[in-house]
Amino acid sequence: MNWDWNAVTDFMPYFWDGLLVTLQALVLGSLISFALGLVWALLMRAPSRWVRWPVGAVTEFVRNTPLLVQLFFLFYVLPEWGLTFSALMTGVFAIGLHYSTYTMQVYRAGIEAVPVGQWEAATALNLPRRRTWTVVILPQAVRRVVPALGNYVISMLKDTPMLMAITVLEMLGEARLFSQQTFRFTEPITVIGVAFIVISYLASLALRSLERRLVH
């Protein structure tokens, strides 16, 4: 293998641009997936089946179709209906929507793991339903599911290269662009691989720290 450090140096401006886009997609996509997943989980506990059934159908459809198909639909089909967004925002929303159907199940498990006695105590204290959820149930449920939510953050990071399919130049997209211009593939792809490992490791450390704080 003919390794060229000059190629690495030349690639770094591309790398930093791609890293910024990757982190933007990861952070915003995670926020959307966590928030929307909680909304799905709460709606699935609604008393009316006319709420539960449509939510269940939508989330099952999203979870059982590939993320790449959803990216193409949002980027190429929605503009035909008059809904146009930037490529990055389309990718962020697609990742957030796709993974919200998984975080929904995580929240559901966390809510169901809250002891029945907590619900009974809230009822005995005559707490309003909204206060029961915000003060008693959700804080306990979320504390239990942080490790599982963290796993999906790592999964979202590894799926960001799919955004290249809709013209978003994240890290892998920038590496591909550089390789096409210089015909050097080993250096940029290796740098990107190492970057994914480092970011995943740092994210894991941050999540473990958050988990310890929530537990204690």
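To be clear, the structure that these remarks concern was listed above.
The model shown is predicted, which means the values in this text are computed figures rather than measured ones.

Conventions and cut-offs
- Residues numbered from 1 in each chain as written.
- Predicted model: local features only at pLDDT ≥ 70, side-chain atom pairs only at ≥ 80, totals over all residues.
- Heavy atoms only, no water.
- Helix = DSSP H or I, 4+ residues; strand = E, 2+ residues; numbered from the N terminus.
- Contact = heavy atoms within 4.5 Å.
- Expected span 1.5 Å × (residues − 1).
- Bend = angle between axes of the 7 residues up to and from the residue.
- Core = buried A, V, L, I, M, F, W, Y, C linked by side-chain atoms within 4.5 Å.
- Buried < 20%, exposed > 50% of the residue type's maximum accessible area, 1.4 Å probe, protein only.
- Axes fitted to C-alpha atoms, helices over the stretch in contact; angles between N-to-C directions.
- Parallel < 35°, antiparallel > 145°, perpendicular 65-115°, else oblique.
- Left-handed = near helix turned anticlockwise from the far one by under 90°.
- Nonpolar A, V, L, I, M, F, W, Y, C, P; charged D, E, K, R; others polar.

> I would appreciate a short explanation of the side chain of Thr 59 in the present structure.
Residue position: Thr 59 is located in helix α2 (residues 49–63). Residues within four places of Thr 59 in sequence aside, it is in contact with Trp 40, Thr 101 and Met 104.

> How do you make sense of helix α6 (residues 129–159) when you look at a structure like this?
An α-helix turns once every 3.6 residues. As a result, residues three or four positions apart point the same way. For α6, which comprises 31 residues, the first-to-last C-alpha distance of 38 Å sits more than 12% below the rise-based estimate of 45 Å (1.5 Å per residue). A bend of about 50° at Val 146 is the largest found in α6, and the proline Pro 147 appears one to four places after it.

> I tried to follow the nonpolar core on my own but got confused; where do I start?
One broad trend across soluble globular proteins is that nonpolar side chains are buried collectively. Among the nonpolar cores identified, the biggest contains 31 residues, and Phe 11, Phe 15, Met 171 and Ile 192 are the most heavily contacted of them. Of all the elements in the fold, those that place two or more residues in this core are α1 (5–43), α3 (67–77), α4 (87–113), α6, α7 (171–182) and α8 (186–215). No other element matches the seven residues that α1 contributes to this core. Setting aside residues up to four positions removed in sequence, Met 171 forms contacts with Phe 15, Gly 18, Leu 19, Thr 22, Ile 192, Ala 195, Phe 196 and Ile 199. Of all hydrophobic cores here, the second largest spans 10 residues; its members include Val 55, Met 104, Tyr 107 and Leu 149.

> What is the right way to look at the packing of α3 against α4 in this model?
Each pair of packed helices gets described by two things: the angle between the helix axes and the distance between those axes. With their axes 9 Å apart at the nearest point, α3 and α4 run at an angle of 140° to one another. When the interaxial angle is binned, α3 and α4 end up oblique. Relative to α4, α3 is oriented so that their crossing is right-handed. Residues Leu 67, Gln 70, Leu 71, Leu 74 and Phe 75 of α3 pack against Ala 87, Thr 90, Gly 91, Phe 93, Ala 94, Ile 95 and His 98 of α4. For the contact of α3 with α4, the residue count by class is eight nonpolar, four polar and no charged.

Structural measurements only, silent on function.
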